[in-house]
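# Residue-level structure breakdown
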Amino acid sequence: MRAILSDVQAQQEMQQFEVELIGLTQQAKNLRVIFIEQESLESFTIDQINLQENILEFPLTFHQLKGHFPGQTRFVWEVYLQWQVADHFETVQIENEYIETKQIDLTTFQKISGDFSGFTNIELTEKNQDAVFELHNVQRLSDRIRLVGAPKIGDQVMKNIVITVGNTDNQNNSFRLTNNISTYSDLFVFELLLTDLKVNQKYILKIAYDFEGSHIHQQVGLISEFDLSKDFATDANGQTVFLEKSYDNVISLTRLEKSSKFSTITQSLVNKTQRLLSASGVLATKLKLLWIKRLFKRSRSPFVKPTIVFESFGGRQVSDSPLAIYRVFKEFYPSYNLVWTIYPELKAFCREHGIRYVVRNSAKWVNLMRRAQCWVSNARYPSWVKKSKFTFYLQTWHGTPLKKLGLDIKQVTMPGTDTASYHRNFTREANRWDALISPNDYSTNIFRSAFGYKNQVLKLGYPRNDELLQATPEQITQLKQSMGIPANKKVVLYAPTYRDNSYISTGKYTFKLPFSLKDFQERYGKETILILRMHYLIANQIDTLEFKDCVLNLSDYPNISDLYLVSDLLVTDYSSVFFDFAYLKRPILFYPYDYEMYKNELRGFYLDYEHELPGKIVHNETDLFSEMNEALKNPDMTNNRRFQEFYKRFCAINSGDTSRKVVNYIVNAIRK
């Protein structure tokens, strides 16, 4: 049996730990969790646990992690699971990949991490009150340094935060930074202009703030590790700032001259990398797919600069959770090399939005994939795309499962494959993922069974849904204006699934709208806009020109979350889009016009479709338009009991900052 730490929720002095058990059998009984401190070998046992199916939960106080060995201020605990089988006990060490650092109070810090073997370490460190205040992130921009921290200690908020920059050689040259410029309520951001630092002089950062009635002064430190040659490279002008971190995490910075040895070495490495990329690009037009596949088999070494590759729906879009993660990387790690892999038709879009890209199936793409430190994707790669040993592969997936998928599909009807091949390829690909994001317990259990997946699950919620929880009314108004939707009109979003059995031949699909656009126009056209969001395989087969005043075909719109935000009502059938739309607590209408055929002949469902959905079900156009009218009259589902039960089961885990959690996780993973 394997045990993986899947979640930790803190509530004041108490933490709730969640451990996922893989390979749990009915013979296992008397489960208990054992903590062993690495240095003193002190230990304690927790046997008051809750076991629901394969999820084990237990409470733990911060006080329990403070050992009793005299003079010890740092405690590192290994965590083991033990259970009884027949007349003996078996023990495994609990695995972990998820990183979380928390300042409990002014003197106590907790960090949950994985060691080199992937097992859980829980570190608790006690310091003096005048110890350093540790930032989350320090960024090197072209002309400034950005400092990012959390204005909260435990459950209490810091007030009146001031950061000063002190010259160690001349205190008269100390100065205060500008005010907090963060756009996040749970972060503060200060920026330091490079021109404010004198060349070859050393500076120490200090912070002051009010906390629980006291005015606190501390030096500034840094939680995360950084690599000077990667995170703080020179800019085009040869300008750089050298950062150092002392044994107690205090950071200092020195502005170097342009001719510094560091600048020369770094620029040389950058130039070499660029020459390699250029040489690879020349080959792109000459190599066929067979040769591309062979390139993946060659030996490889990682890029000098941390490189993250993003891909959405096989390169067909720049969207979904990979886009949400990309945006946070751009904001907090701008010195990283962030590249999208796309098909040629997205070149113009990427250029317009300043997105670095490489065209899929080119030699340059092979070089990028082979040498990148991380892949972030929401779909599968072909089996011949070989992953390097140093590459961390994060799979975000692209929806909460409603229809059967993977190994749970007993008969595969998609063109170009058969059931046995589909199952085999799915399992092989899934277990290349180093981590998989899950939005809820329901999905985690399905992913394990349907994918045959045995690695780390990050049960955090989908990053793409952060914006649904954070969007303001002003932002929604701006979105409507950009789409040409009048502010006084209601909006209905129609987003159906595609049918696996609706293909004509390999690569060719067909679809016909199951209701009349003419009837919609006559009944709702003056007061309501209908947005069509069709699957990319059939998006161009629907002609809406005659109804342009009330129907918008936004199937190619890159970010479906924007469509959710402007919509008052979602109409769907078997698509998992309703799991995401539910975050907005707006009405959902289900229109499965071919339900019996789809249920019996296609994939089937994980949910009880007739009883577990968060909205009404209609089967014909008459009922569709009637219920649509009722739904638009009642746009808020907050007090709907059935809807709220659904929300608690499927949506409640996402706190609105999943993207930042995932980025922190990736950064720690690729720096191991």
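It should be noted that the structure appears before, not after, this text.
Residues numbered from 1 in each chain as written. Predicted model: local features only at pLDDT ≥ 70, side-chain atom pairs only at ≥ 80, totals over all residues. Heavy atoms only, no water.

Bringing the environment of Gln481 into the picture now. With respect to the secondary-structure elements, Gln481 resides in helix H10 (residues 473-483). Accessibility expressed as a relative area gives 58% for Gln481, which makes it exposed. Counting along the chain gives 85 residues from Gln481 to Val566, while the straight-line C-alpha distance between them is 10.0 Å. (Helix = DSSP H or I, 4+ residues; strand = E, 2+ residues; numbered from the N terminus. Buried < 20%, exposed > 50% of the residue type's maximum accessible area, 1.4 Å probe, protein only.)

With that settled, the discussion passes to helix H17 (residues 658-670). With 13 residues, H17 should reach 18 Å at 1.5 Å per residue; the first-to-last C-alpha distance of 19 Å fits that figure. Burial runs high along H17: 10 of the 13 residues are buried. (Expected span 1.5 Å × (residues − 1).)

Another aspect to go through is helix H16 (residues 641-650). Considered for burial, the residues of H16 that qualify are Phe643, Phe646, Tyr647 and Phe650. Along the axis of H16, the buried positions cluster into a sector of 100°, meaning they face one direction only. Pointing more than 90 degrees away from the buried face of H16 are the exposed residues Arg641 and Lys648. Those residues of H16 that are buried lie in contact with helix H8 (441-451), helix H9 (466-470), helix H13 (577-581) and strand S37 (588-590). For H16, the capping residue at the N-terminal end is Asn640, with a side-chain oxygen 3.2 Å from the backbone nitrogen of Arg642. (Arc of directions from axis to C-beta. Contact = heavy atoms within 4.5 Å. Polar contact = N/O pair within 3.5 Å; in protein donor to acceptor, adjacent residues only side chain to side chain.)

Mapped onto the elements of the fold, Leu141 is located in the loop between strand S13 (137-140) and strand S14 (144-149). Using a relative accessible area of 16% as the deciding quantity, one classes Leu141 as buried. It is 7.1 Å that separates the C-alpha atoms of Leu141 and Ser335, two residues lying 194 residues apart in sequence. Sequence-distant contacts of Leu141, that is, excluding residues within four places in its chain, are made with Arg146, Glu191 and Pro334.

One can describe the packing of helix H4 (residues 320-332) onto H17 by two numbers: an axis separation of 9 Å at closest approach and a directional angle of 70°. Between H4 and H17, the crossing angle belongs to the class labelled roughly perpendicular. Here H4 and H17 pass one another in a crossing that is right-handed. Counting all contacts with H4, which are made through Ala324, Ile325, Val328, Phe329 and Phe332, the residues of H17 involved are Ser659, Arg660, Val662, Val663, Ile666 and Val667. Classifying every residue of the contact of H4 with H17 gives 9 nonpolar, 1 polar and 1 charged. (Axes fitted to C-alpha atoms, helices over the stretch in contact; angles between N-to-C directions. Parallel < 35°, antiparallel > 145°, perpendicular 65-115°, else oblique. Left-handed = near helix turned anticlockwise from the far one by under 90°. Nonpolar A, V, L, I, M, F, W, Y, C, P; charged D, E, K, R; others polar.)

So, about the sheet that holds strand S19 (residues 188-193). Spatial strand order, S13-S14-S19: 3 strands in an open sheet with antiparallel pairing. Both edges of this open sheet fall to S13 and S19, since each of them pairs with a single strand only. Within this sheet the neighbouring strands show an average axis-to-axis angle of 20°, counted without direction. Here 6 bridges tie S14 to S19, and the two strands are oriented antiparallel to one another. In the strand pairing of S19, Gly149 is matched with Phe188. (Pairing = 2+ DSSP bridges.)

Looking now at the packing of aromatic side chains. With the rule as written, the count across this model stands at 50 aromatic pairs. When the centroid spacing of 5.4 Å and the interplanar angle of 90° are considered together, the rings of Trp433 and Phe451 count as edge-to-face. Placement of Trp433 in the loop between helix H7 (419-430) and strand S29 (435-438) and of Phe451 in helix H8 is noted, with a sequence separation of 18 residues between them. Taken as a pair, Trp433 and Phe451 share a single burial class, namely buried. Taking 6.4 Å as the distance between ring centres and 50° as the angle between the ring planes, the aromatic pair formed by Phe520 and Phe625 counts as tilted. Of this pair, Phe520 sits in helix H11 (residues 517-524) while Phe625 is found in helix H15 (residues 621-633), placing the two residues 105 residues apart along the sequence. For Lys404, the ring lying beneath its charged end belongs to Tyr606, and the centroid distance is 5.6 Å. The ring of Tyr647 is capped by Lys585, whose NZ or CZ atom sits 4.6 Å from the centre of that ring. (Phe/Tyr/Trp six-rings, centres within 6.5 Å; stacked < 30°, edge-to-face > 60°. Lys NZ or Arg CZ within 6 Å of the ring centre and 35° of its normal.)

We now examine the side chain of Arg360. Tracing the backbone shows Arg360 in the loop between strand S26 (357-359) and helix H6 (363-371). Beyond its immediate stretch of four places on either side in the chain, Arg360 contacts Glu311, Gly314, Gly315, Ile342, Tyr343, Trp365, Tyr381 and Pro382.

Okay, the side chain of Arg586 next. Along the chain, Arg586 falls in the loop between H13 and S37. From its side chain, Arg586 meets the backbone oxygen of Leu565 in a polar contact 2.9 Å long. Polar contacts involving the side chain of Arg586 include one to the main-chain carbonyl oxygen of Ser567, which spans 2.7 Å. When sequence neighbours within four positions are dropped, the list of residues in contact with Arg586 reads Ile476, Tyr564, Leu565, Val566, Ser567, Asp568, Phe581, Pro635, Met637 and Phe643.

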